[in-house]
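Tertiary structure, described
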Amino acid sequence: ILCTDGVDKCCVDILESRGFKVTLSPTLPQAELIKIIGEYDGLVVRSATKVTPEVLKHAVKMRIVGRAGVGVDNIDVAAATKQGIMVMNTPGGNTVSTAQLA
């Protein structure tokens, strides 16, 4: 699973504790993401990475894209669905942090 965009280390820890091999990477330029995305079964992004049809075309092993946060506006859901890739988000993930700032 590739985690980008500064996904919190606790997310990586949870995935690894369940037996997944995780690569934590900063936000990647789209050209670099396209070069490596074919190696991964899963992708976790925040808002900076744009999961476009071009990215998905190279995601030959991809089974799931997770958005750490509300919304999936940076993920082409139709293109992912067409390829049989599940897309999900974590809409309640920032609730506590937001409440603490209020």
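Refer to the structure printed above.
Residues numbered from 1 in each chain as written. Predicted model: local features only at pLDDT ≥ 70, side-chain atom pairs only at ≥ 80, totals over all residues. Heavy atoms only, no water.

**A closer look at the overall build of the protein**
The criterion, for reference: A run of DSSP states H or I qualifies as a helix once it reaches four residues; a run of E qualifies as a strand once it reaches two. Both are numbered from the N-terminal end. Whether two residues touch is decided by their heavy atoms; if any such pair falls within 4.5 Å, the residues are in contact. Areas reported as accessible are Shrake-Rupley estimates using a 1.4 Å probe. Residue values count occlusion only from the protein chains shown.
Scanning the protein from terminus to terminus reveals five helices and five strands. Contacts in the protein between residues far apart in sequence, at least 24 positions, make up 34% of those at least 6 positions apart. For the protein, the exposed area adds up to about 6,100 Å²; of that, 59% sits on carbon and sulfur atoms.

**Notes on the sheet that holds strand β5 (residues 86-89)**
What counts is decided by this rule: Following DSSP output, two strands are said to pair if at least two bridges run between them.
Reading across the sheet, the five strands line up as β2-β1-β3-β4-β5 and stay open at both edges, with parallel pairing between neighbours. Single-partner strands in this sheet number two, and they are β2 (23-24) and β5. Relative to β2, strand β1 (residues 2-3) runs parallel, the two being bridged by two bridges. Along β2, the bridge assignment pairs cysteine 3 with leucine 24.

**Quick look at the state of the cysteines**
Using the following cut-off: Cysteine sulfur atoms that pair up within 2.5 Å are treated as a disulfide. Throughout this description, buried means an accessible area under 20% of the type-specific maximum (1.4 Å probe, protein chains only), exposed means over 50%, and partly exposed covers the range between.
As enumerated under the stated definition, the model contains zero disulfides in all. Cysteine 10 forms no disulfide, and the closest cysteine sulfur to it belongs to cysteine 11, at a distance of 6.6 Å. For cysteine 10, a relative accessible area of 43% puts it in the partly exposed group. The thiol of cysteine 11 is not disulfide-bonded; the next cysteine sulfur, from cysteine 3, is found 4.7 Å away.

**Re the environment of methionine 62**
Residue position: methionine 62 is located in the loop between α3 (53-57) and β4 (64-67). Methionine 62 gets classed as buried once you look at its relative accessible area, which sits at 7%. Note: C-alpha distance between methionine 62 and isoleucine 85 (23 residues apart in sequence) is 6.4 Å. Among all residues touching methionine 62, those that are not within four sequence positions of it are Ile37, Tyr40, Asp41, Gly42, Leu43 and Ile85.

**Observations concerning the side chain of asparagine 74**
Looking at the element boundaries, asparagine 74 is found in the loop between β4 and α4 (77-82). Judged by its relative accessible area of 6%, asparagine 74 falls in the buried class. Setting aside residues up to four positions removed in sequence, asparagine 74 forms contacts with Val45, Arg46, Ser47, Thr49, Lys50, Val51 and Arg67.

**What about the nonpolar core?**
Inclusion rule: What we call a nonpolar core is a set of buried Ala, Val, Leu, Ile, Met, Phe, Trp, Tyr and Cys residues that are connected through their side-chain atoms within 4.5 Å.
One finds Leu2, Ile37, Leu43, Val51, Met62 and Val65 to be the most contacted residues of the largest nonpolar core, which totals 19 residues. The set of elements that each furnish at least two residues to this core consists of α2 (30-36), β3 (42-45), α3 and α4. In terms of residue count, α2 provides more of this core than any other element does, three residues in total. With near-sequence residues (within four places) excluded, leucine 2 lies in contact with Thr23, Ser25, Leu28, Leu33, Ile36, Ile37, Tyr40, Gly42, Leu43 and Val44. Val7, Leu15, Val22 and Val44 belong to the second-largest nonpolar core, a separate cluster that totals seven residues.

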